[in-house]
Amino acid sequence: MTQERLTFLLQQVQMGQATPAERTELDVWYDQFENRPSLTDQLDTQARQALEEKMLNQMQSRIDPIEPEEETPVVPLRRSWRRIAAGVVAVLALATLWFYVSRNAPATSEASVPMLVQKTGYGQTRTFTLPDGSEVTLNGNSSLSYPQQWTGNREVQLTGEAYFKVVHTKDHRRFSVVTADNFRVNVLGTQFTVSRRKAKTRVVLNEGKVQCLINEKAQADSIVLKPGQLVESARIPENYTLKQVDASLYSAWKDHKLILRNTSLKELTEVLEDTYGYRVNVEKASLLDRRMSGSLPTNDVNVLLEGIAEACKVSIRQEEGRIYLTDQSR
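Residues numbered from 1 in each chain as written. Predicted model: local features only at pLDDT ≥ 70, side-chain atom pairs only at ≥ 80, totals over all residues. Heavy atoms only, no water.

It is worth spelling out the overall build of the chain at this point. Helix and strand content of the chain: seven helices and 18 strands. As displayed, the chain offers around 19100 Å² of accessible surface, 47% of which is attributable to carbon and sulfur atoms. (Helix = DSSP H or I, 4+ residues; strand = E, 2+ residues; numbered from the N terminus. Areas by Shrake-Rupley, 256 points an atom, 1.4 Å probe, with all protein chains shown as cover.)

Written as structure tokens, this is what we have:
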């Protein structure tokens, strides 16, 4: 019997829809079970306990009544014990296989719920509301995916950068933001920015409290942020940076502003590449050390480039998706 066929028969029995022929087919398989290798050898203690509970619940229905003692005092007893043993084996087979099927069957919760994806192009921002009423603003060149509706804890997958205003539900359901590098942010209700650009992930907390799990699959550090704190990890997740910052600087983009405080030209070129999709070429590396402070608009890239050029004393030339930076003082 194939695994698919056996799974189907077990599901039919479990739903109470098995026909007499299907039950007979399962009985034939049970009769042959004693010659099969054990299916429980690789189960852990918890799994075995689950099987024992299933066996106790179903034992009476699988064991034939013992024959009256007056017929033969010895032979019927042996037959009965054989039947008991056969019943135990059959129940164990059913319980083991059903445990395996249940554990490996596709989830019927969020996994089967249609997924929604929100995206922005280069230089765009977009604000929308999630199924629970939470509000998200996506920065340019970003995407967020989430179920059409949540049946349990709330989880979203982020690529790029987003600002979250998370509502607190009456049943205290956790809200999680997960990035491609297994960086997870857990919250109940708060406002914060998450950025996943290239090989660097950053979380900045504006209000409330969040828990950051750095490299969740490796069970690395868990950090609880307070308002105004920033945590950032790069190629080696465990080597993270935690510091106090002005959180408003990191979320100003949602209001179409780029606020700079002694910001290097290198940091500005990263914004041009990640948010606007340019490839930046610099005449000489020393230019990247130049710094500027002030505020620039982000919804007009030409004005943004003019501001960078003036403040950093560089010439900027655009050509087919590329930006060339040269020293104005030449």
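Having seen it, we continue.
All right, on to the nonpolar core then. For soluble globular proteins, nonpolar side chains are generally found buried alongside one another. Membership of the largest hydrophobic core comes to 27 residues, with the highest contact counts inside it found for Leu-144, Phe-164, Val-185 and Phe-192. By residue number, the principal contributor to this core is strand E5 (residues 154-165), which donates four residues. The residues contacting Phe-192, other than those within four sequence positions of it, are Ala-162, Tyr-163, Phe-164, Val-166, Val-177, Val-185, Val-187, Val-204, Leu-205, Asn-206 and Val-210. Residues Leu-258, Leu-268, Tyr-276 and Tyr-278 belong to the second largest nonpolar core, which totals 19 residues. (Core = buried A, V, L, I, M, F, W, Y, C linked by side-chain atoms within 4.5 Å. Buried < 20%, exposed > 50% of the residue type's maximum accessible area, 1.4 Å probe, protein only. Contact = heavy atoms within 4.5 Å.)

With that out of the way, let us pick up the pattern of salt bridges. This structure, assessed with the given rule, holds 15 salt bridges. Residue Arg-154 is joined to Asp-132 by a salt bridge in which the shortest nitrogen-to-oxygen separation is 2.5 Å. Remark: Asp-132 occurs in the loop between strand E2 (126-129) and strand E3 (135-138) and Arg-154 occurs in strand E5; sequence separation between them is 22 residues. Residue classification places Arg-154 among the buried positions, given a relative accessible area of 0%. On the basis of relative accessible area, Asp-132 is assigned to the buried category, the value being 17%. With its nearest N and O atoms 3.9 Å apart, the salt bridge here joins Lys-198 to Asp-274. Pair noted here: Lys-198 is in the loop between strand E8 (191-197) and strand E9 (200-207) and Asp-274 is in helix H6 (residues 265-274), with a separation of 76 residues, a long-range link. Salt bridges linked by common partners bring Glu-161, Arg-202 and Glu-232 together as one network. (Salt bridge = Lys/Arg side-chain N within 4 Å of Asp/Glu carboxyl O.)

With respect to the secondary-structure elements, Arg-196 resides in strand E8. Within the structure, Arg-196 has its side chain in polar contact with the backbone oxygen of Lys-198 (distance 3.0 Å). If sequence neighbours within four positions are ignored, Arg-196 has contacts with Gly-160, Thr-179, Asp-181 and Thr-201. (Polar contact = N/O pair within 3.5 Å; in protein donor to acceptor, adjacent residues only side chain to side chain.)

For the structure shown, the criterion picks out five aromatic pairs. Considering the side-chain rings of Trp-150 and Phe-175, the 6.3 Å spacing of their centres and the 70° angle between planes classify their relative orientation as edge-to-face. You can see Trp-150 sitting in the loop between strand E4 (143-147) and E5 and its partner Phe-175 sitting in strand E6 (residues 175-179), a full 25 residues away along the chain. Among the residues examined, Phe-175 registers a relative accessible area of 0% and is labelled buried. One aromatic cluster is present, formed by Phe-128, Tyr-146, Trp-150, Phe-164, Phe-175 and Phe-192 through successive ring pairs. (Phe/Tyr/Trp six-rings, centres within 6.5 Å; stacked < 30°, edge-to-face > 60°.)

Another point: the pairing of E9. For E9, the buried fraction is high: six of the eight residues fall into the buried class. Inspection of the sheet shows E8 paired to E9 by seven bridges, in the antiparallel sense. Paired with Gln-191 across the bridge in E9 is Glu-207. The turn joining E8 and E9, which pair antiparallel and follow one another in sequence, is formed by two residues; a positive phi near 50° is taken by Lys-198. Inspection of the sheet shows E9 paired to strand E12 (residues 229-233) by four bridges, in the antiparallel sense. Each residue of the ladder has a partner; that of Arg-202, found in E12, is Glu-232. (Pairing = 2+ DSSP bridges.)

Turning to the confidence of the model for the chain, a few remarks are in order. Interpretation of this model should avoid reading the predicted coordinates in detail wherever pLDDT is low. Summary statistics for the chain give a mean pLDDT of 78 and a share of 67% for residues scoring 70 or more. Confidence, expressed as mean pLDDT per element, reaches its minimum in the chain at helix H4 (residues 75-104) with 45 and its maximum at E3 with 98. Here residues 34-44 is modelled with pLDDT under 50, and outside its nearest four sequence neighbours on either side it reaches 14 contacts, counting other chains as well. Below a pLDDT of 50 lies the segment residues 59-82, which in the model reaches twelve contacts outside its immediate sequence neighbourhood of four places, other chains included. (pLDDT = per-residue confidence, 0-100.)

On to the pairing of strand E18 (residues 322-327), then. Burial of the side chains of E18 is restricted to one face: Ile-323, Leu-325 and Asp-327 are buried, whereas none of Arg-322, Tyr-324 and Thr-326 on the reverse face is. Bridging between strand E15 (residues 279-282) and E18 involves four bridges; their strand directions are parallel. If you follow Arg-279 over to E18, its bridge partner there is Arg-322. As paired elements, strand E17 (residues 314-319) and E18 share six bridges and run antiparallel to each other. For Val-314, the partnering residue across the bridge sits in E18 and is Asp-327. Hairpin geometry of E17 and E18 is characterised by an intervening segment of two residues between the two adjacent antiparallel strands and by a positive phi of about 50° at Glu-320.

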